[in-house]
Amino acid sequence: MKIQNGFYAYPSSPHDIGQVIELAGEVRTSDQHNSFTTWKALDIVGHFISEQVLSRIDDADFLVADITKLNFNVTYEIGYAIGASKRVLLTKNTSLKIDGVKIQDVGIFDTLGYVEYQNKNELIDKLRGISTTGSLNRPEPLNQKAPVYLVEVPYKTDWSGRIVSRIKKSGYIYRSFDPNETPRLSAFDAISQVTQSYGVVVPLLSSISNGYEIHNMRASFIAGLAEGMKKPLCIIQNGDDPVPIDYRDFVNISYHPNDVNEIIAEFASKVAKAFQHSEPSKAHAQRSFLKRLDLGATSAENEMRDLASYYLETDQYLKSLRGEAHLVVGRKGSGKSAIFLQIRDREREINRNKNIVLDLRPDGFKLVKFKEQVLSFMEEGTYQHTITAFWEYVLLLEICYKILEKDRKRHIHDHLLFAGYRELASLYNIDGYDPEGDFSERMSGLMEKITSEYQARFPNKENIRLSSAQVTEILHKHDVRRLQKTLINYMENKGALWLLFDNIDKGWPTSGLNHDDLIIIRALIDATRKIEREFGKNDLIVSTIVFLRNDVFELLVRETSDRGKEASVVLDWTDPDLLRELVRLRIVSNDLSEHESFNSAWLRVVVSHYYGEETSKYFIDRSLMRPRFLLSLINQCKSFAINLNHDLIEEQDIEKGMLAYSTDLLRDIGYELVDVSGASEDILYAFIGCKSELTEEETKKLMSDYGLDINLSDTIFNLLLWYGFLGIRVDSDSVKYIYDFNYKMPLMKGIIKKKVGSVVFFINEAFWPSLMIDA
């Protein structure tokens, strides 16, 4: 039998790791089937170290990599080996206390799995028992609709915004990993996304940026995958820091925003060449249904290609489509973005030449900066008037921009449009206004000009009261009245106008939302209403929808005097069978009959029971009744099943997948608590190892002992109920969570008051694995 030759990659620091591995020497199993060499055996004098290491991985049958201390080089090499279809074995020394990035924070490696050792002999024994055959499967077809994959940075800056803008400008739709949406990156998702891609963009953060260590570790893995799969790869960093010197030749360094333009332009041309040279993916009939199964992405933005083929048309979606809702409200992961994308694509498609559809997604952090630099110095009345006028101005400009873009060729051959188009172009294209970039960049440029104008007029002045004329003079660079009138006249020869506004509540400060933030949202809603009224006077069809998180909407309602004024639909999932139908549609879209029942489709994917409990119920009960979380849990389990070459998700896959999912969920809910309360994102760790059932006093004491400000204890306790972390024990066999009360907090609180003194709160079982809670 042929001896399998492996390469052992490990970090140069700490010394103890390398010492143990090198002492093991060239390790061979007792049956002489496997051998291992390390990077110290390479002839690296006069050669680039990275080239020698990657060349050795290419020649090896498998890679062994030590992840005791995560670093850029080894993580890149792991990704490269997987991308090159090599078997990868991971090891971790448990005898060492290691500072730096934690495996559980990065993700990736906990879903790949690794063996633990303490010394040379134990390492050799563990390696002898490992199979070195069989690489990870990569069954994904190339994604022609969204060919580019981007690893987004945790904080949206002007530099990262320029990268996004230039990708859009290149004409490519992109998919992304967004750490603000998904707290950890799973290896399965990373491999799947890179496999689908024609090109991959990986920004690297400098060491002065918050979250740089975790981001760069994920980035190095993605970059390695792309390089191993021979995909066009753009690694880009702002300045010389932080790439290791032996990998610097792979990196594009930018010192000025214009450098980003050139770097992405060069990358775009490589993607275009990849399109020309790629071959259609061939079906692999020998693969099991599970390996061929595509359940779509957990984020709607990453599944634009296929969403329409399995989208569940709920009543909330249909009401939004009919224009009956001005607000679409839902928790994170409840399907807001899916409705946004479905309405956008449908309305653009049904009357392509007539309808004007704006899909607007501002950067929340830029609104915060605008507020801090200008709005915070104004009296509240002036503040509200200014921000409402600002939104109205922005929306009119964007309607004009979309018309000019859409009818650039058509107006030449249409006498009904020609004169109006030329007038709009002359009104829009004025000195001092830059129409380049995407919506976020245009809005940012406008805010910067307004900020400069304001600070020049009112240096070091607070509590400023401005007249309407002064607000108009500072804000408006265009003749807004004439622009609005010309737009209305032009739209009489068009179809419906849709204004879809998403992400308005993303990027707010981690101290939680305050009154001024809510005024910004309220002003946007008022501005869209005003445009509806003005255009409606000429019988024009205008539909506007603002998409908001549920918690933000609740705060907004509390601070609004005329509650209930805005028509809204709430994406609260309370029916388990509706979630089953959502999953069924995704399963049968994989070349099954559209009439196949849920039970039949489900049993093609998952075993029927997990320790005696029906598996679909087990999964749904731990999803917090959110589609994204349910799909995430299924995909985590599916990842383990595929890696272990199982034809179905088996009990052991559910156990491993549940742990990975629970860890992600804990971080996700922690972030949501931060968004609305200002509490530490780690507050849920106060419950590590505690009982599954607690009184209110015990719950608050655990949080207090963990360092929570006692003034926040009532707020956080209520939020734990609101987010489904805690439920109420109603009898010996039943626990009810917020979704069992139709998300009506007063109803849940009423039950608590009736059972005063005897209420027992139950920690949702979804969190048990990550918090090490036993039944």
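Cut-offs and rules
- Residues numbered from 1 in each chain as written.
- Predicted model: local features only at pLDDT ≥ 70, side-chain atom pairs only at ≥ 80, totals over all residues.
- Heavy atoms only, no water.
- Helix = DSSP H or I, 4+ residues; strand = E, 2+ residues; numbered from the N terminus.
- Buried < 20%, exposed > 50% of the residue type's maximum accessible area, 1.4 Å probe, protein only.
- Contact = heavy atoms within 4.5 Å.
- Areas by Shrake-Rupley, 256 points an atom, 1.4 Å probe, with all protein chains shown as cover.
- Axes fitted to C-alpha atoms, helices over the stretch in contact; angles between N-to-C directions.
- Parallel < 35°, antiparallel > 145°, perpendicular 65-115°, else oblique.
- Left-handed = near helix turned anticlockwise from the far one by under 90°.
- Nonpolar A, V, L, I, M, F, W, Y, C, P; charged D, E, K, R; others polar.
- Pairing = 2+ DSSP bridges.
- Core = buried A, V, L, I, M, F, W, Y, C linked by side-chain atoms within 4.5 Å.
- Salt bridge = Lys/Arg side-chain N within 4 Å of Asp/Glu carboxyl O.
- pLDDT = per-residue confidence, 0-100.

**Here's the deal with the overall build of the protein**
Turning to step 1, where the next piece is worked out: A count of helical and extended segments in the protein gives 31 helices and 21 strands.
Turning to step 2, where the next piece is worked out: Within the span of the protein, comprising 775 residues, buried residues form 55% of the whole.
Turning to step 3, where the next piece is worked out: Long-range contacts, defined here as pairs at least 24 residues apart, represent 76% of the contacts in the protein between residues at least 6 apart.
Turning to step 4, where the next piece is worked out: Entry remark: accessible area of the protein is about 33,400 Å², with carbon and sulfur atoms responsible for 48%.

**Focus on the packing of helix H28 (residues 696-705) against helix H29 (residues 713-722)**
Think of two packed helices as two axes; the pair is described by the angle between the axes and how far apart they sit.
Turning to step 1, where the next piece is worked out: Direction vectors running N to C along H28 and H29 enclose 115 degrees, while the axes themselves pass 10 Å from each other. With respect to H29, the axis of H28 lies roughly perpendicular. Crossing geometry of H28 relative to H29 is assigned as right-handed. Residues Glu696, Thr699, Lys700 and Met703 of H28 form the contact with H29, whose participating residues are Ser713, Asp714, Ile716, Phe717 and Leu720.
Turning to step 2, where the next piece is worked out: Its residues assigned to classes, the contact of H28 with H29 shows four nonpolar, two polar and three charged.

**Examining the sheet that holds strand S11 (residues 327-330)**
Turning to step 1, where the next piece is worked out: The sheet built from five strands is open, its strands ordered S12-S13-S14-S11-S15 with parallel pairing. What marks the edges here is a single partner per strand, and that holds for strand S12 (356-360) and strand S15 (568-570). Each adjacent strand pair in this sheet contributes to an overall mean axis angle of 15 degrees, direction not counted.
Turning to step 2, where the next piece is worked out: The strands touched by helix H21 (residues 515-536) are S11, strand S13 (497-501) and strand S14 (542-549); relative to S14, the strand with the most contacts, the crossing angle is about 170 degrees.

**Observations regarding the pairing of strand S8 (residues 199-204)**
Turning to step 1, where the next piece is worked out: Buried residues dominate S8, accounting for six of its six residues.
Turning to step 2, where the next piece is worked out: Along S8, one buried face is formed by Gly199, Val201 and Pro203 and the opposite face, lined by Val200, Val202 and Leu204, is buried too.
Turning to step 3, where the next piece is worked out: The pairing of S8 with strand S9 (residues 233-238) spans five bridges and is classified as parallel. Paired with Val202 across the strands is Ile235, a residue of S9.

**A word on the sheet that holds strand S18 (residues 693-694)**
Hydrogen bonds between backbone atoms are what pair the strands of a sheet, whose relative direction is either parallel or antiparallel.
Turning to step 1, where the next piece is worked out: With antiparallel pairing, four strands are arranged side by side in an open sheet as S18-S21-S19-S20. With partners counted over all chains shown, the strands left at the sheet margins are S18 and strand S20 (734-736), one partner each.
Turning to step 2, where the next piece is worked out: Of the pairings in the sheet, the one linking S18 to strand S21 (residues 761-763) comprises two bridges and is antiparallel in character. Counterpart to Leu694 in the pairing with S21 is Phe761.

**Here's the deal with the nonpolar core**
Turning to step 1, where the next piece is worked out: Among the nonpolar cores identified, the biggest contains 98 residues, and Ile587, Phe687, Ile763 and Phe767 are the most heavily contacted of them.
Turning to step 2, where the next piece is worked out: The leading source of residues in this core is helix H26 (residues 627-643), at eight residues.
Turning to step 3, where the next piece is worked out: Among residues more than four places away in sequence, those in contact with Phe687 are Leu694, Thr699, Leu702, Met703, Leu720, Phe725, Ile763, Leu771 and Ile773.
Turning to step 4, where the next piece is worked out: Counting 66 residues, the second largest nonpolar core, distinct from the first, contains Leu427, Ile504, Ile520 and Leu556.

**Comments concerning the environment of Tyr155**
Turning to step 1, where the next piece is worked out: Looking at the secondary structure, you find Tyr155 in the loop between strand S6 (148-151) and helix H7 (158-169).
Turning to step 2, where the next piece is worked out: A relative accessible area of 49% means that Tyr155 is categorised as partly exposed.
Turning to step 3, where the next piece is worked out: Each C-alpha atom of the pair Tyr155 and Asp178 lies 9.9 Å from the other, and the pair is 23 residues apart in sequence.
Turning to step 4, where the next piece is worked out: Among all residues touching Tyr155, those that are not within four sequence positions of it are Ser160 and Asn210.

**What to know about the pattern of salt bridges**
Turning to step 1, where the next piece is worked out: Taken as a whole and assessed by the stated rule, the structure comprises 32 salt bridges.
Turning to step 2, where the next piece is worked out: The partner of Glu614 in a salt bridge is Arg580, and the shortest N-O contact between them spans 4.0 Å. Taken together, the positions of Glu614 in strand S17 (residues 613-614) and Arg580 in helix H23 (residues 576-588) put the pair 34 residues apart, joining distant regions of the chain.
Turning to step 3, where the next piece is worked out: Given a relative accessible area of 17%, Arg580 falls into the buried group.
Turning to step 4, where the next piece is worked out: Among the charged side chains, a network of salt bridges with common partners joins Arg344, Asp345, Arg348 and Asp359.

**Let's talk about the environment of Ser639**
Turning to step 1, where the next piece is worked out: Position of Ser639 among the secondary structure elements: in helix H26.
Turning to step 2, where the next piece is worked out: Of the residues examined, Ser639 reaches a relative accessible area of 1% and is grouped as buried.
Turning to step 3, where the next piece is worked out: For the pair Ser639 and Ala187, spaced 452 residues apart in sequence, the C-alpha separation works out to 8.3 Å.

**Some remarks on the confidence of the model for the protein**
Turning to step 1, where the next piece is worked out: A residue-level look at the protein finds 84% of positions with pLDDT of 70 or above and a mean pLDDT of 82.
Turning to step 2, where the next piece is worked out: Across residues 27-31 the pLDDT falls below 50, and counting only partners more than four positions away or on other chains, this stretch makes 11 contacts in the model.
Turning to step 3, where the next piece is worked out: Scored below 50 in pLDDT, residues 41-48 shows eight contacts in the model against residues more than four places distant or in partner chains.

**Observations regarding the packing of H7 against helix H10 (residues 257-277)**
Turning to step 1, where the next piece is worked out: At a minimum axis separation of 9 Å, H7 and H10 run at an interaxial angle of 35 degrees. For H7 against H10, the interelement crossing comes out right-handed. Contacts from Trp159, Arg162, Ile163, Arg166 and Ile167 in H7 reach Pro257, Asn258, Val260, Asn261 and Ile264 in H10.
Turning to step 2, where the next piece is worked out: Classifying every residue of the contact of H7 with H10 by side-chain character gives six nonpolar, two polar and two charged.

**Quick word on unusual backbone geometry**
Turning to step 1, where the next piece is worked out: Positive phi outside glycine occurs at Asp539, with the angle close to 60 degrees.
Turning to step 2, where the next piece is worked out: The residue Asp539 is located in the loop between H21 and S14 in this model.

**Some thoughts on the side chain of Arg586**
Turning to step 1, where the next piece is worked out: Along the polypeptide, Arg586 turns up in helix H23.
Turning to step 2, where the next piece is worked out: You can call Arg586 buried: its relative accessible area is 7%.
Turning to step 3, where the next piece is worked out: The contacts of Arg586, once residues within four sequence positions are left out, are Asp294, Leu295, Gly296, Ala297, Glu303, Leu307, Tyr310 and Leu631.

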